Amino acid sequence: MQSEFDVIVVGAGAGGGVAAGVLAEAGKTVLVLDRGRALGINAVPRDHLRNHRISQYGYNTETPAQLAGRPRVAVNVLGREEVVSPENGGYGYNASVVGGGTLVYGAQAWRFLPDDFRMASRYGVPEGSSLADWPISYEDLEPFYDKVEWEMGVAGSPHVLSGKRERDFPMPPVALNLSGQTLKRGADQLGWPTGPVPLLINTVPYNGRDACIGCGMCVGFSCPTDAKVGSQNTMTPRALKTGRCTLTTGATVASLVTENGKVVGVRYFKDDKEHVARAKTVVLAAAAIETARLLLNSRTDREPNGIGNNSDHVGRHIQGHYYPGAIGLFDDVVQDGVGPGVSISTLKFNHNNPGIVGGGMLANEFVKLPIIFQKNCWQPGVPRWGIEAKRYMRHAYTRAMHVQGPVQEIPSANGRVTVDSSRRDRFGIPVPRLSGTQHESTVDVGQFMQKRAEDWLRASGAKEIWSWAPPLFLSHGQHQAGTTRMSDDPKNGVVDRHCRVHGHDNLFVADGGPHVTNAGLNPVLTILALAWRTAEFIAGN
Amino acid sequence: MCELLRAVIDCIIPADDYPSASQNRVDVYIERILQNELQEWQDKFQAGLDELEADAKRTTGQGFAALPPQRQNALLAAMEHDAAWSEWFAMLVQLTNEGYYADRSNGGNPDHASWDMIGYEPRLPPGLI
C-alpha cells in the first residue's frame, strides 16, 4: 500500500461511498477503510429472523464473530445503565458492511423541506432544547440533491408541498399498490395532498442495473435484482474504477493521528494488527455515533476533550426519528403484497400544525414479513395463542394496514454520545455511551402524528384502528444524526458549512452528524447530497 | 420431551385446514434455537415443560400429551397467568410463532405453509428464497 493518500475516508456507507466516488473521479488518491465486508447481493442471507428489520438473534450483514466484543453503554430515561450488544435496540446499530445501511435499507429518498433548514427561525427555540437553524438552506443543497437523484438514481414525482426542483426525477415513481390505492381514496376525501414515496430504487433499468421486480423482501435485505440503489453498487464501484481508490475491509479505525495538533492520518486495526495510514485529508463517514466516538477518542494537547470538541458539541444533539403510527383493520383485502410496499405519502403535516413544533411525514409501510406482522401488528384484545390467534393471522395479514412516519425530533444537548473509558471494545478502544433524550416536545409531535395516522385510516375505510406514539426516550438507530452539528460559529457546533471540522483545514464529516435537525423525513438523501457537496469542496481546494 | 413439546406447541397453534405447529416442524425450530442463540434458556424452557407435565399428572393422573385439548389449554392458561411462569409462557408463544412463520432455513415451516395460509409471497426470482 502506498505510504500517503490524498484522502482517507472512514466508512464505506452512504456518505463515505459518495465521498470516495467524487474524490477519486476528481483525481484524488483515496483510501476507504470499513470494518465490514463487501457482500454481493446474494451473499446477504434472506433469513426472516436475522436481518435489519428483526435482529434479536443477529443480522444478515455480519457474522456473530463480527458483532462480538463491540458493546455500547446505553443509559435509559430513568438513568439506568446497561451494556448492550448490536442486536439490542438501545445500541443504535447500523449495518457494518460496504454500502452500510444503503445495502439493506428501504431506500426512501426524501429531500428535506425548505423549512427543515430553519426550524429555530420558523418556530422559536423551545425552552431546554437546542433547536437551531442550519447555516445553509435548501437552495444551497438543491443542486446536490439533483446530482444524487440523477447520478445514483431516484424514482419519484414531485409533491405539491416539497421544495422547488431544478428538474424532474430521472425515473417514474413506483406504482400505487393496493394499500396505496385505498389510502389515496381516504386522502382525497380528507382533502389531503399525497404523492409517491421517492425511492432510491430503479423502477426502470438505470445505470446498467435492472428494475425492481416488486418482491416482498425489500427493507432489511439486499435487493435480489440489484435494483435498490446504494453506495455499494454506484459510487464505490465508480471510485474503484478510477484505479485511484483502495478499499480496505475488515478495518476498524481507532483514532485520528495528529502531529502538532494537525490531522495526518488514522490509526486502525485489521487482522488484529494495528496500522497507521496517512493522508492529506481525512473524511469521517462512520455514522453519527461512531464518528463522534472517533473524535472523542482522538485527543491532543490543543484539543484535550477530543478533536473538534473545544466547544463541547461533539456527540451532543443526537437525533434519529420517533415513529408514531396506527394500524387499521379493513373488511376487504387491502394488501396485494407488491413490494417495496411504501407507495403513498403525505407531507401535509410536516409543518404548519397549530401548537406543534414541526411535524412529520406519513406513508404506508413496507411489505411485512409474516413473523414481523405476528410480533408487531396484533390487534388489542385478540388472544395471542390458540385457534383464534391463528385465525387472526389468516384474516388480518392482508386486511390490516400500517400507516406511520418519522417525526422531526427537537434536539437536546443532553441527548448525546460520550465515550466510556472504563469499557473497551475488543481492540481496547473506549466504547460509546448513549445517554439523555431528545427534547420532550418531540413526544407531543409524535402524539399529534399518531392522531393523523388514525384519521387517514378511518377515512380510508378501516373498521378498527389501534395506534401508538413513543414515550420520551433517546432515539438514534439507523437514522442517527446531529452529533457533529454544522454551524458558522465554532462556539455553536463542530463542523462549518462545508462539513469541515472547525479549527482543522483537512478534517471533514460526511454522515448524518452535521445535520442540525433531521427533518420529519428519512435522512439518507440529505446525507448523500451533503457528502457530494463536501467532496466537491475538498476536490476544489 | 419431544411428544410433550409437540403437544404444547399444538395448543399455541392448533391444526385446522392448515398445519398445527408440530405438523409445521416448529419443534425442530425450538430445539435448534435453544441449542444456539437461546442456550441460556435451555434449562428454563425445559423446567416449564416439566412443571406443566407435573401439573397434568397431579390434577388428572395423566401426562399432558394424553389429555383432551380443553384440559391442555386450561393447564397452559394457568401457567400463562402464574407470575412465576408468565415469562416462560411468553417465550413459548414467541418461539412457536417464530418457528411457524419464519422462513424454512430456521428449521420450521418446511413448505412455507403458513405463508400460503396468510397470503404472503416473497416474490423472489426463481432459485432464491
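Note: the structure precedes this text.
As the structure is a computational prediction, the values presented were derived from the model and not from experiment.

Rules used in this analysis
- Residue indices follow the written sequence of each chain, beginning from 1 at its first position.
- Written order decides the labels, with chains lettered from A and ligands numbered from 1.
- In keeping with the model being predicted, local features are shown solely for residues with a pLDDT of at least 70 and side-chain atom pairs are shown and tallied solely at 80 or more, while totals for entire chains, interfaces and linings include all residues.
- Only hydrogens and water are set aside; all other atoms, that is, all heavy atoms of the structure, feed into the side-chain values.
- Labels follow the DSSP assignment, with helices taken as runs of H or I lasting at least four residues and strands as runs of E lasting at least two, numbered in each case from the N terminus.
- With the radius of gyration taken over C-alpha atoms, the globule rule is written as 2.2 Å times the number of residues to the power 0.38.
- In these tables, accessible area is a Shrake-Rupley quantity obtained with a 1.4 Å probe, and a residue counts as shielded only by the protein chains included in the view.
- When charges are counted, neither His nor the chain ends are considered; positive counts come from Lys and Arg and negative counts from Asp and Glu.
- Where a charge lies is defined by one atom per residue type, namely NZ (Lys), CZ (Arg), CG (Asp) and CD (Glu).
- Accessible area is worked out with a 1.4 Å probe on protein chains only. A residue is then buried under 20% of its type maximum, exposed over 50%, and partly exposed in between.
- The pairing criterion for strands is at least two bridges between them, as found by DSSP.

A.B. asks: Quick question: what am I supposed to make of the overall build of chain B here?
C.D. replies: Secondary structure assignment for chain B yields 6 helices and 0 strands. Along chain B, helices (α) and strands (β) appear in the sequence α-α-α-α-α-α when read from the amino end. Over its C-alpha atoms chain B spans a radius of gyration of 15 Å, differing by no more than 12% from the 14 Å that the globule rule assigns to 129 residues. With respect to the principal axes defined by its C-alpha atoms, chain B has extents near 55 × 35 × 25 Å. For chain B, the computed accessible surface area is about 5900 Å², with 47% contributed by carbon and sulfur atoms. Across chain B, the 9 positively charged side chains and the 21 negatively charged ones have centroids separated by 3 Å.

A.B. asks: Help me understand unusual backbone geometry in this model?
C.D. replies: Residues other than glycine predominantly adopt negative phi, and peptide bonds predominantly adopt the trans conformation. Geometrically, the link from A:Gly339 to A:Pro340 is a cis peptide bond, its omega value of 0 degrees lying close to zero. Of note, the phi angle at A:Asp271 is positive, near 55 degrees, even though the residue is not glycine. Take A:Asp271: it is sitting in the loop between strand 7 (262-270) and strand 8 (273-284). In the Ramachandran plot, B:Arg25 falls in the positive-phi region, its phi being about 60 degrees despite a non-glycine side chain. We classify B:Arg25 as partly exposed; its relative accessible area is 40%.

A.B. asks: Would you take a moment to explain the sheet that holds strand 11 (residues 362-364) of chain A for this structure?
C.D. replies: Paired through backbone hydrogen bonds, the strands of a sheet run either parallel or antiparallel to each other. All names here are of chain A. One open sheet holds the 5 strands; their spatial order is 10-11-12-9-15, and the pairing between them is antiparallel. Looking along the sheet, the strands with just one partner apiece sit at the ends: strand 10 (345-346) and strand 15 (464-468). When strand 11 meets strand 12 (residues 400-404), the two strands line up antiparallel, connected through 2 bridges. When the bridges of strand 12 are listed, Ala 363 appears paired with Gln 404.

A.B. asks: For this particular structure, what's the right way to read the environment of A:Gly128?
C.D. replies: Residues and elements named next belong to chain A. Within the element layout of this structure, Gly 128 appears in the loop between helix 3 (119-123) and helix 4 (138-153). By relative accessible area, which is 57% here, Gly 128 ends up exposed. Through-space distance from the C-alpha of Gly 128 to that of Val 263 is 35 Å; in sequence the pair is 135 residues apart.

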